[in-house]
Every structure is written in structure tokens, then in C-alpha cells.
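Chain residues, written in single-letter form:
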Amino acid sequence: MSELPPRESMEFDVVIVGAGPAGLAAAIRLKQLSPDVSVVVVEKGSEVGAHILSGAVIDPSGLDRLLPGWREDADRPLKTEVTDDRFYWLTQGSAVKVPLFLAPPLMSNHGCFIGSLGLVTKYLAAKAEAIGVEIYPGFAAAELIFGENGEVRGIATGDMGIGKEGEPTDNFTRGMELLGKYTLFAEGARGSLSKILIAKYGLGHDREPPKFGIGLKEIWQVDPKKHKAGLVQHSFGWPLDNKTGGGSFLYHYDENLISVGFVVHLNYENPYLSPFEEFQRFKTHPSVRDIFEGAKRLAYGSRAITEGGYQSVPKLAFPGGALIGCAAGFVNVPRIKGTHNAISSGMLAAEHAVEALAAGRANDELAGYEAAWRGSPVGKDLWPVRNVKPLWSKFGTMVGIALGGLDMWTNTLGFSLFGTQKHGKPDSDCLKPARDCTPIAYPKPDGKITFDRLSSVFLSNTNHEENQPPHLKVADMALQKSSEHDVYAGPSTRYCPAGVYEWVGEGADLRFVINAQNCVHCKTCDIKDPNRNITWVPPEGAGGPNYPNM
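Because the structure is predicted, anything quoted here is derived from the model rather than measured.

Enquirer: With reference to specific residues and values, describe the pairing of strand S22 (residues 501–504).
Expert: Residues Tyr501 and Trp503 of S22 are buried on one face, while the alternating residues Glu502 and Val504, pointing to the opposite face, are not. Strand direction decides the pairing type here: S22 and strand S23 (residues 511–514), joined by four bridges, are antiparallel. Bridge assignment links Val504 to a residue of S23, and that residue is Arg511. Counting the residues that bridge the hairpin from S22 to S23 gives six residues, and of these Gly505 lies at a positive phi of roughly 90°.

Here it is, written out as C-alpha cells:
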């Protein structure tokens, strides 16, 4: 690429990367504590909420602490409170209801709300802007800016108008440098800059490897006679086998809307497994199929979910900044909830940043934040459930869930029979060679209840500028052929929920095709590729999905 002109820069007290619940909570808390502090939030989505996807049953505890009067606000984004909580074990033809008295008290959803996390972030953004926070959607944080001593000084937004071959076009616009005394990273699961920071500063040293799942979600509008506002329903078992972790959710909320989704843990072994197809298959189960008969599918999306929990949380602070929210891995896996912890971690980091700024500090380590999180509501939420995911992975769904439930019960009494279990290895190391696995024959979609990937991606409103460098980087294409294809039978064509990857042709003409325009930014490829050969980076501008209410 020809030499580029220097970037213009802007300076703030605090720069925040990502307008999700963690980033916006941090911004609001900063202004609540110190109104004169200058705060900027950059968001890669075309608008706040465009890239946000969650189930979502939301524990309101974080929101209650951040904005105590939100429940009385006429514009509140959450209005449907949980009234009925159900849990099922599925076989292929039946659903066995599990008595809720067997579940630990912390698993109860009563007191929680069902709604759209995207709408929650829009609400938080309005509150933040009203008190002076600057928010810039449509600008991806593409590069880290370091100082002379290796400290983080801020970020640079991506250049726009770069052609496919890497050369500036007539529409070229240089990115901006946003410099801060502290930079908070709230990029969500598998954040592209957060990943670099974890490696650069060794933040994962002496911690368990990060673990992830892939979550797929649809929103349906159903017959009012089939709608039960406030109903929360979860299941485990079919269509997954006992070795493969995951399960479904079905939430009734608002105006005859149902949020239905499926989660597959990304430590699965069979390269022939397709999380998207498992989700479609789940909707055909006799216990749920009738809900979708005659209903209308309104939206579709997918994203990675952090699942490592307490033992996988990296060191959070480093010179010049900190990790917050899902960038740090604060999801409570058995509860399938992370919003409350995202908000709480953003608030906690903001409190320590304000303290540092008041003392005249800048670009040093917020050591107090790292020291405080385990004793905060976040640490107290994650500690009792720390063994659920590793026990599930080690013993399979039936035995693992039973042992995990027992461990949660004993943790409520202050002890654990299992200590703190380890995860062992990253998800990329979990696939078995194709020769050791059985191919899975998935039924064809009927176009009424089950669908293909491309018609689903259409509902995500995904769009990317075509004339730009690919944002999915394959480091070694020969390795992709010799290993991903020849050894593992091309799992990228199945784990991707958007049809991004294809193996086309035969023999010497075999090619790995990347349909980057389909990418919904779930980042599964960055996690699950068996050689860690694929890297996701932010595309130009506001590219990606445009979820209205996910």
C-alpha cells in the first residue's frame, strides 16, 4: 500500500470501545461520578444496537444499580417480567419436565425481564448522551495506539475507501486517532483488539483458556392464542448427543413475540456438526413445533458467547486500560446471562478510572479494578457456578448437568466437592479428524419452520461494502487445504451460521471461497478453526448485521 497521510487525533479522558451494555454503563457511571470527565464511545455497528444479540432474559440487578429509576421510566426498554419458568429434558419424541425445586435458587428467572438487549443499549445510549457522552456509531476500532513505554494511549478507527487490493480509492478517508488517559475495551466475545491485548500483556497467564459457545436466535410473531407473555422455557438433550453441550431457549414477550434460540458449546468434537442445522432441527420437536405453525419469522442472527467463566477471566487491567463485559468473559453460563455482569463490570472499571483521574494519573494500570472484581457482584455471581461448564464438558450432558447442579447447591452452603475444575484446552483443539466421526444427515428446510442459511442471513440485514479488503484473514491457504479440508472435512462450511465459507471444485481446482459479505460477525471461525488459521478483523465502516431489536 502507498504511504498514507497521518491521522488526525482527538483527546479524551476516557475512550470506550463498544456501545454494548458494558461500554455504555461505564460511560454513564463516569459521568455520574465526574460530570467534567470527557468520554467517547466508538461502536462498529451502523447504530447503537445494530450488532447486539442476546436471548434475552435479563437480570435487572446491574441496571438497578446504574439507573435506579429505570422501572418508572415511560421509555424503559424492558416491560415483560418473567411469570412462568420451565425446564425440559428432550428426547427425539418427548419432553420431560424437570421439577424446578431440583434447581438451585440462583437458577430461578423470577424477577428477571424478557426483552431485546438491542433496545436496552439504545436506551442506555440515550441516557449517556443526555449527560454529555459522545457516541460515534459506524466507526470500528481497528488499531491500538501505544505510547513510548508500551502503554495503551487509545485506538484508531479504520480507514474507509480502501479497495480489495489494499490501495486507497477515490473515496478514501483516513481513520481518526482517539486518545485517552484510559481506554476501556467492551468489544464483546472474542474482541479483535482485546485478543491482541491479552496476548501482548500476557493477561491470560495462569488462567484457564477462554471457552465459547455459538448462540443462534430468531424472533417470531405468533398466534395470540399460542402466546404466553412472561413464559421462559429452556431445554437440554435432543437434537444434540450426550457428548455435545448446548440447549435451547424459548421466551414469550411483548406483542405476541417469541425469541427462540439454540446454543452449542464450541468444544464439540464432530466436524460434521452444524450448529445452524441443529437449531433448525430443534424447532421441529413435537413440544414446540405447533408454536411456529402459521407464525411469521421476523429476524435471525448469531454470535459467539463467552463460556469460560470464573477461571478463564484474564487479568483485566494493563497499562492504559482495562477489559470489561464479555471482552473479559463475564457470562454466567448455567443462567445464560451476562448483561447484569457486563453493566456491573463497566461501572466498577469506571469507578476506578475516576479515582485515578482525580489523583492526576494517566495511562497506568488500574490495579484496583483487577483487585476488586472477585469481591464485586460480578465475582460473587460467577464463583458459585464455576464448575458447571467443565463438569458438563468432562462427563457429558446427563451426568455433567447433574453434577453441576449438585455443585451449585453445595456452593450456596459455602463449599464445593469439586474445588475449581479446569477447562483443559481451547475450543480450536477439540475437533476430531473426520475419519473418526460419523457424518450427520440433516433434513432439508421446509421454508415454513426450518430455513436455509442464506434466507436467514437476509433477515439479519447484513451488508458490507464489496470493494474492500476481506475482513476474514486466512494466514496459510495451503494449511487450510491440507488440514481443515483434508483432515477435518471442511468444518468451516458447517460451523459458520451465515454461509461465509465454501469449498468449491475438485482435485487441483479445489478452492476455499470466502463470502465475506454474508458475515454476521459471530466470530466463530476465529474460535473454532482447528489450526487457528482464520482471524476476524473489523470490516470497513458500519459493515455487518443491522439488527433492529435482537
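Enquirer: Run through the pattern of salt bridges, naming residues and quoting values.
Expert: In the structure shown here, the tally under the stated rule is 30 salt bridges. Across the pair Asp427 and Lys211 runs a salt bridge whose closest N-O atoms are separated by 3.0 Å. Here Asp427, found in the loop between helix H10 (388–412) and helix H11 (453–459), pairs with Lys211, found in the loop between helix H4 (192–200) and strand S14 (212–221); they are 216 residues apart in sequence, far enough to count as distant. We note that Asp427, like Lys211, is buried.

Enquirer: Describe in detail the sheet that holds strand S4 (residues 80–81), supporting the description with residues and values.
Expert: Strand order across the open sheet formed by three strands is S3-S7-S4, with antiparallel pairing between neighbours. In this open sheet, the two strands that pair with only one neighbour each are strand S3 (57–58) and S4. Where S4 meets strand S7 (residues 113–114), two bridges bridge the pair, whose relative direction is antiparallel. Within S7, the residue paired with Glu81 across the bridge is Phe113.

Enquirer: Any chance you could break down the sheet that holds strand S15 (residues 231–237) for me, citing the residues and the numbers?
Expert: Reading across from one edge, S6-S5-S15-S16-S17-S14-S18 is the order of the seven strands in this open sheet, with mixed pairing throughout. Both edges of this open sheet fall to strand S6 (95–97) and strand S18 (296–306), since each of them pairs with a single strand only. The average undirected angle you get between the axes of adjacent strands in this sheet is 20°. In terms of strand pairing, strand S16 (residues 246–253) meets strand S17 (residues 257–265) through eight bridges, oriented antiparallel. Looking at the pairing, Tyr251 lines up with Ser259 of S17.

Enquirer: I'd love a proper account of the layout of surface pockets, names of residues and values included.
Expert: One number sums up the size of the second largest pocket: a volume of about 540 Å³. Along its surface, the second largest pocket is lined by 30 residues, and Ala142, Gly158, Asp159, Val537 and Pro538 are the ones closest to its centre. Of all the elements in the fold, those that place two or more residues in the lining of the second largest pocket are strand S9 (141–146), strand S10 (152–157), strand S11 (160–162), H4 and strand S24 (534–536). Broken down by element, the residue count for the lining of the second largest pocket peaks at four residues, all from H4. Looking at the lining of the second largest pocket, its residues break down into 17 nonpolar, seven polar and six charged.

Enquirer: How would you summarise the packing of helix H1 (residues 21–33) against helix H3 (residues 117–130) if you had to cite specific residues and measurements?
Expert: When two helices pack together, you describe them by how their axes are tilted relative to each other and by the distance separating the axes. One way to put it is that H1 packs onto H3 with a least axis distance of 9 Å and a crossing angle of 20°. By the angle class used here, H1 and H3 are roughly parallel. Seen along the crossing, H1 lies across H3 with a hand that is left-handed. Residue-level contacts link Pro21, Leu24 and Ile28 of H1 to Leu117, Thr121, Leu124, Ala125, Lys127 and Ala128 of H3.

Enquirer: Describe the packing of aromatic side chains, with residues and values.
Expert: Taken as a whole and assessed by the stated rule, the structure comprises 15 aromatic pairs. A ring pair is formed by Phe262 and Phe282, whose centres lie 5.8 Å apart and whose planes are at 35°; its orientation type is tilted. Of the two residues, Phe262 is situated in strand S17 and Phe282 in helix H5 (residues 275–282); the sequence distance between them amounts to 20 residues. Considered together, Phe262 and Phe282 belong to a single accessibility category, that of buried residues. Aromatic ring contacts, followed pair by pair, group Tyr310, Phe330, Trp373 and Trp383 into a single cluster. In this structure, Arg297 packs its charged tip against the face of Phe451, placed 3.7 Å from the ring centre. The ring of Trp383 has Arg386 sitting right over it, with the charged end atom 3.5 Å from the ring centre.

Enquirer: Kindly report on the nonpolar core, identifying the contributing residues and their values.
Expert: Among the nonpolar cores identified, the biggest contains 73 residues, and Ile16, Leu124, Ile155, Phe185, Phe330, Tyr369 and Trp373 are the most heavily contacted of them. Looking at this core, the element that brings in the most residues is helix H7 (residues 339–358), giving 10 residues. One finds Ala299, Tyr300, Ile449 and Leu472 within the second-largest nonpolar core, a separate group that totals 65 residues.

Enquirer: Describe empty space enclosed by the protein, naming the residues involved and giving the relevant values.
Expert: Under the defined criterion, the tally for this structure stands at two cavities of 30 Å³ or more. Estimates place the volume of the largest cavity at around 70 Å³. Residue lining of the largest cavity: Leu472, Cys496, Val500, Tyr501, Cys519, Val520, His521, Cys522, Lys523, Thr524 and Cys525, and that is the complete set. Class assignment of the residues belonging to the lining of the largest cavity gives a composition of eight nonpolar, two polar and one charged. A volume near 60 Å³ is recorded for the second largest cavity. Taken together, Glu307, Gly308, Gly309, Tyr310, Gln311, Val331, Asn332, Val333, Pro334, Val385, Arg386 and Lys389 make up the full set of residues lining the second largest cavity. In terms of residue class, the lining of the second largest cavity is built from five nonpolar, four polar and three charged.

Enquirer: Explain helix H12 (residues 477–485) to me, using residue names and the numbers behind them.
Expert: Of the positions making up H12, those classed as buried are Gln480, Ser483 and Glu484. The buried residues of H12 all sit within an arc of 100° when viewed along its axis, so they share a single face. In this structure, the buried residues of H12 make contact with strand S21 (472–474), helix H13 (492–495), S22, S23 and S24. Looking at where H12 begins, the residue whose side-chain oxygen comes 3.1 Å from the main-chain nitrogen of Ala478 is Asp476.

Enquirer: Outline H3, supporting the account with residue identities and numerical values.
Expert: Counted at 1.5 Å a residue, the expected span for H3 with its 14 residues is 20 Å, and the 20 Å between its end C-alpha atoms agrees. Residues of H3 that are buried include every one of Leu117, Gly118, Val120, Thr121, Tyr123, Leu124, Ala125 and Ala128, and no others. For H3, the elements touching its buried residues are H1, S3, helix H2 (61–66), strand S8 (134–137) and H7. At the N-terminal boundary of H3, the capping side chain belongs to Ser116, with an oxygen 3.2 Å from the backbone nitrogen of Gly118.

Scoring rules and cut-offs
- Residues numbered from 1 in each chain as written.
- Predicted model: local features only at pLDDT ≥ 70, side-chain atom pairs only at ≥ 80, totals over all residues.
- Heavy atoms only, no water.
- Buried < 20%, exposed > 50% of the residue type's maximum accessible area, 1.4 Å probe, protein only.
- Helix = DSSP H or I, 4+ residues; strand = E, 2+ residues; numbered from the N terminus.
- Pairing = 2+ DSSP bridges.
- Salt bridge = Lys/Arg side-chain N within 4 Å of Asp/Glu carboxyl O.
- Axes fitted to C-alpha atoms, helices over the stretch in contact; angles between N-to-C directions.
- 1 Å grid on protein atoms, 1.4 Å probe; cavity = no way out; pocket = protein on both sides within 12 Å on 5 of 7 lines; lining within 4 Å.
- Points joined across faces, edges and corners; volume = space filled by probe spheres on them.
- Nonpolar A, V, L, I, M, F, W, Y, C, P; charged D, E, K, R; others polar.
- Parallel < 35°, antiparallel > 145°, perpendicular 65-115°, else oblique.
- Left-handed = near helix turned anticlockwise from the far one by under 90°.
- Contact = heavy atoms within 4.5 Å.
- Phe/Tyr/Trp six-rings, centres within 6.5 Å; stacked < 30°, edge-to-face > 60°.
- Lys NZ or Arg CZ within 6 Å of the ring centre and 35° of its normal.
- Core = buried A, V, L, I, M, F, W, Y, C linked by side-chain atoms within 4.5 Å.
- Arc of directions from axis to C-beta.
- Polar contact = N/O pair within 3.5 Å; in protein donor to acceptor, adjacent residues only side chain to side chain.
- Expected span 1.5 Å × (residues − 1).

Treat this as a map of the structure, not an account of what it does.
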